[in-house]
Amino acid sequence: MRPLKIAEGIYDVGVKDWNIRDFHGYSTYMGTTYNSFLIVDDDKVVLIDTVKEPFTHQFMENIRKVIDPKKIDLIISNHAEMDHSGALPRVLHLIGEETPVYCSKMGEKALSAHFNDKKINLHVVKPGTEMKLGKRTLSFIETRMLHWPDSMFTYLKEDGILFSSDAFGQHYASHENFDDEMGEGLFEHAKKYFANILLPFAPRVEKLLESIESMGLPLNMICPDHGILWRKNPEMILERYASWARQETKEKVIIVYDTMWNSTEKMARKIVDGARSTGVEVIPMSVRNWHRSDIMTELMDARALVLGSPTLNNGIFPTLCDVLAYMKGLKPQGKLGAAFGSYGWSGEAVKLLNKEFDTMGFERIDDGLRTLYVPDSEALQACYDYGVRIGEAVKAKS
Ligand code: FEO
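Parameters at a glance
- Residues numbered from 1 in each chain as written.
- Predicted model: local features only at pLDDT ≥ 70, side-chain atom pairs only at ≥ 80, totals over all residues.
- Heavy atoms only, no water.
- Patch = residues over 30% accessible without salt bridge, like charges linked within 9 Å, V, L, I, M, F, W, Y side chains within 5 Å.
- Areas by Shrake-Rupley, 256 points an atom, 1.4 Å probe, with all protein chains shown as cover.
- Salt bridge = Lys/Arg side-chain N within 4 Å of Asp/Glu carboxyl O.
- Lys, Arg positive; Asp, Glu negative; His and termini not counted.
- Charge placed at Lys NZ, Arg CZ, Asp CG, Glu CD.
- Helix = DSSP H or I, 4+ residues; strand = E, 2+ residues; numbered from the N terminus.
- Buried < 20%, exposed > 50% of the residue type's maximum accessible area, 1.4 Å probe, protein only.
- Pairing = 2+ DSSP bridges.
- Axes fitted to C-alpha atoms, helices over the stretch in contact; angles between N-to-C directions.
- Contact = heavy atoms within 4.5 Å.
- Polar contact = N/O pair within 3.5 Å; in protein donor to acceptor, adjacent residues only side chain to side chain.
- Parallel < 35°, antiparallel > 145°, perpendicular 65-115°, else oblique.
- Left-handed = near helix turned anticlockwise from the far one by under 90°.

Student: Just checking my understanding: could you explain a negative patch on the surface for this structure?
Tutor: A cluster of like negative charges, contributed by Glu210, Glu213, Glu235 and Glu239, occupies part of the molecular surface. For the negative patch, the elements supplying multiple residues, two or more each, are α6 (202-215) and α7 (234-245). With respect to the element layout, Glu213 can be found in helix α6. Exposure remark for Glu213: the relative accessible area of 67% places this residue in the exposed category.

Student: Would you mind showing me how to read the sheet that holds strand β10 (residues 101-103) here?
Tutor: Either a parallel or an antiparallel arrangement is found when strands of a sheet pair, and the pairing is made through backbone hydrogen bonds. In space, the seven strands of this open sheet follow the order β1-β2-β7-β8-β9-β10-β11, with mixed pairing throughout. In this open sheet, the two strands that pair with only one neighbour each are β1 (4-7) and β11 (122-124). With direction set aside, neighbouring strand axes in the sheet form an average angle of 25°. Bridge count for strand β7 (residues 37-40) against strand β8 (residues 45-48) is four bridges, and the pairing is antiparallel. What sits directly across from Phe37, in β8, is Ile48. Relative to strand β9 (residues 74-76), helix α3 (residues 88-95) is tilted by about 165°, and along the sheet it contacts β8, β9 and β10.

Student: Looking at this structure, how should I read the side chain of Asp17?
Tutor: Inspection of the secondary structure assignment puts Asp17 in strand β3 (residues 15-17). For the buried Asp17, no salt bridge exists, and the shortest N-O distance to an oppositely charged side chain is 4.2 Å, to Lys52. One polar contact links the side chain of Asp17 to the main-chain amide nitrogen of Ile20, over a distance of 3.3 Å. Filtering out sequence-adjacent residues up to four positions away, Asp17 remains in contact with Gly31, Thr32, Thr33, Tyr34, Lys52, Phe55 and Ala173.

Student: Is there a simple way to explain the environment of Gly329 in this structure?
Tutor: Its place among the elements puts Gly329 in helix α10 (residues 318-330). C-alpha separation for the pair Gly329 and Gly274, spaced 55 residues apart in sequence, amounts to 31 Å.

Student: What exactly am I supposed to notice about the packing of helix α8 (residues 263-276) against helix α12 (residues 377-396) here?
Tutor: For any two helices packed against each other, the geometry is given by the interaxial angle and the distance between the axes. Remark: α8 packs on α12, axes separated minimally by 6 Å, with the N-to-C direction vectors making an angle of 45°. As far as their axial angle goes, α12 and α8 are oblique. As α8 runs across α12, the sense of the crossing is right-handed. Residues Lys266, Met267, Lys270, Ile271, Asp273, Gly274 and Ala275 of α8 pack against Leu380, Cys383, Tyr384, Tyr386, Gly387, Val388, Ile390 and Gly391 of α12.

Student: Can you help me understand the pairing of β1 in this one?
Tutor: Taken residue by residue, a regular strand's side chains alternate between the two faces of the sheet. As paired strands, β1 and strand β2 (residues 10-12) are joined by three bridges and run antiparallel to one another. What sits directly across from Ala7, in β2, is Ile10.

This is the structure:
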């Protein structure tokens, strides 16, 4: 139900996108939301971020249920990506082209480049700048590269509300709106979001969390631009972010593979059994059935990545290449790597997978395991033993 009142005079006027299933390569099985916040104060009415362009009509209706949109005095753009800025030109057209839009220095560049045929009344806010709205005060926190150069947070001092743009969000549309209406499953959605959006910037997340702590800001609520709002205990999502940013792992192996004539699959099953016999957690992940973004979510706290590919045309099987291209961009760190696969004559795939581990800076357990055509009982025993070796390596690495 929108608009959603989140505090006196403060509303989420964003929209729920129940049907989106792909967000630039990230599977959004539960849809998403584009949250946008309206603050109605004595002197100023402020809108923080907008929504994706196709939802503009619904968005304006949500605002109208609270206030005449023409009463909006200014817009704050925490983030220029189109899921939060797409509706901006139309909103400005409806409420007045001269309405000021406040953003970061990089936001000025990004918004100008996105809407290059429109003159937007842009104003750069410096980090720490305060803006009085009447009873309330806003301030701005630069969060460059979390996850775009323009990204920033807006903090509402008197209410202790942090409007955190993409950070702490989840691609999750539901009839629930707040963390206290959800169970532990909410953190799985937040983890997937971190793994697929923020992981490349993990060191910056660590620094940002330190700097938020050092500011000593009271945090009664964290309101991201996607998904559920954190009001019960915002500290909990900060703690999870700290752990994910440190890329902490557990005794867990993921075995990501594809198969051509079932031989690499047979190898995978035995490696799973061997690794499992050592007591570590093992997740077999056929890339035909696991989406690349779910593989990334499971990889985040795994200590070892095991890749299995048959050799096809002297190379790695194409489905594995898709996962690897995506994975490399997200820069996971501190993992063990092991490769295996069946081959017919040249058998380059395992060697090429090893190169991929080297490129990602993973510590390889060895040079990998190959089987000619179909694994016989001896080869299957070697796969089981390989799994044991992988499990032991995971336990030995803290
Ligand atoms: Fe939700 Fe980076 O946009």
